[in-house]
Every structure is written in structure tokens, then in C-alpha cells.
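Observations on chain architecture
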Amino acid sequence: MPASKEHPIYKYSKEFDVMHVHYADRWLSSVEEEHPYILVHYDDRTNECTGFTIMDYTKHKHELKKFYPNDFAELPDTP
């Protein structure tokens with residue numbers, strides 16, 4: 001099943017404490033740091049959000065639900 005907002009793909013790096021959340025192919029995406037430790041990926045053609053990268057995930061995961069409540073209603077509490 002391809003990644004989508006309804007079925008995101010979560011990839012966590014325990015070594016670096018980084019969570020990647022993919023909604024779509026990120027090869028055609030640009031990245032902006034909208035909040036400290038939160039990188040948002042946007043489709044270069046449509047400007048739609050294609051995913052997120054969260055640095056220091058265990059420390060900052062609560063900020064995702066605060067800044068993006070609709071995107072992270074189902075965010076895993078533990079990676």
C-alpha cells in the first residue's frame with residue numbers, strides 16, 4: 001500500500017532519535033524547518049505536505065500534536 005495521509009509510513013532511527021513520517025514520495029519534495037526540530041516536506045509542484053522529519057523525537061513528539069493536531073492524531077507514543 002502506498003503512503004498517504006490515511007496510511008502514513010513511520011520510520012524511526014533509534015541511533016539518532018529521528019522519526020520520519022511519509023505521506024507520499026519524498027523525492028520531489030522540498031524541506032522547511034517550520035518549528036525547531038520539525039522539518040516539513042512539501043511537494044515541489046503542488047506545495048502539499050508530503051511528510052515530516054522530527055529530530056530528537058523522544059523529546060519533541062509532544063510538539064507535533066500541538067502544532068499539527070490533524071496530522072498527528074495517531075502518532076505513535078513509542079517509536
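Conventions adopted
Residues numbered from 1 in each chain as written. Predicted model: local features only at pLDDT ≥ 70, side-chain atom pairs only at ≥ 80, totals over all residues. Heavy atoms only, no water. Pairing = 2+ DSSP bridges. Helix = DSSP H or I, 4+ residues; strand = E, 2+ residues; numbered from the N terminus. Axes fitted to C-alpha atoms, helices over the stretch in contact; angles between N-to-C directions. Buried < 20%, exposed > 50% of the residue type's maximum accessible area, 1.4 Å probe, protein only. Contact = heavy atoms within 4.5 Å. Phe/Tyr/Trp six-rings, centres within 6.5 Å; stacked < 30°, edge-to-face > 60°.

So, the sheet that holds strand β1 (residues 9-13)
Across the sheet, 5 strands lie side by side as β1-β2-β5-β4-β3; this open sheet has antiparallel pairing. Strands at the two margins of the open sheet, each flanked by one partner only, are β1 and β3 (29-35). When the angles between neighbouring strand axes are averaged without regard to direction, this sheet yields 20 degrees. Relative to strand β5 (residues 49-54), strand β4 (residues 38-43) is paired through 5 bridges, and the arrangement is antiparallel. Directly across from Tyr42, in β5, lies its bridge partner Cys49.

Some details on the pairing of β1
Bridging between β1 and strand β2 (residues 18-22) involves 5 bridges; their strand directions are antiparallel. For Ser13, the partnering residue across the bridge sits in β2 and is Val18. Here β1 folds back onto β2, and the loop between the two strands holds 4 residues, one of which, Asp17, carries a positive phi near 55 degrees.

Structural notes on the side chain of Thr50
For Thr50, the position within the fold is in strand β5. Owing to a relative accessible area of 4%, Thr50 belongs among the buried residues under this scheme. For Thr50, the contacting residues outside a window of four places in its chain are Val21, His22, Tyr23, Ala24, Ser29, His41, Tyr42 and Asp43.

So, unusual backbone geometry
The phi dihedral of Asp17 is positive, around 55 degrees, even though this residue is not glycine. By secondary structure assignment, the location of Asp17 is in the loop between β1 and β2. The class of Asp17 is buried, set by a relative accessible area of 12%. For Tyr37, which is not glycine, the phi torsion reads 75 degrees and is therefore positive. Tracing the backbone through its elements, the reader meets Tyr37 in the loop between β3 and β4. The exposure class assigned to Tyr37 is partly exposed, which follows from its relative accessible area of 36%.

Some remarks on the environment of Thr46
The residue Thr46 is located in the loop between β4 and β5 in this model. Looking at Thr46, the relative accessible area reads 47%, which means it is partly exposed.

What to know about the packing of aromatic side chains
Tallied over the full model, the rule gives 2 aromatic pairs. With a centroid separation of 6.2 Å and an interplanar angle of 85 degrees, the aromatic rings of Tyr23 and Phe52 are classed as edge-to-face. Linking Tyr23 in the loop between β2 and β3 with Phe52 in strand β5, this pair joins segments that are 29 residues apart in sequence. For the pair shown, Tyr23 and Phe52 are each scored as buried.

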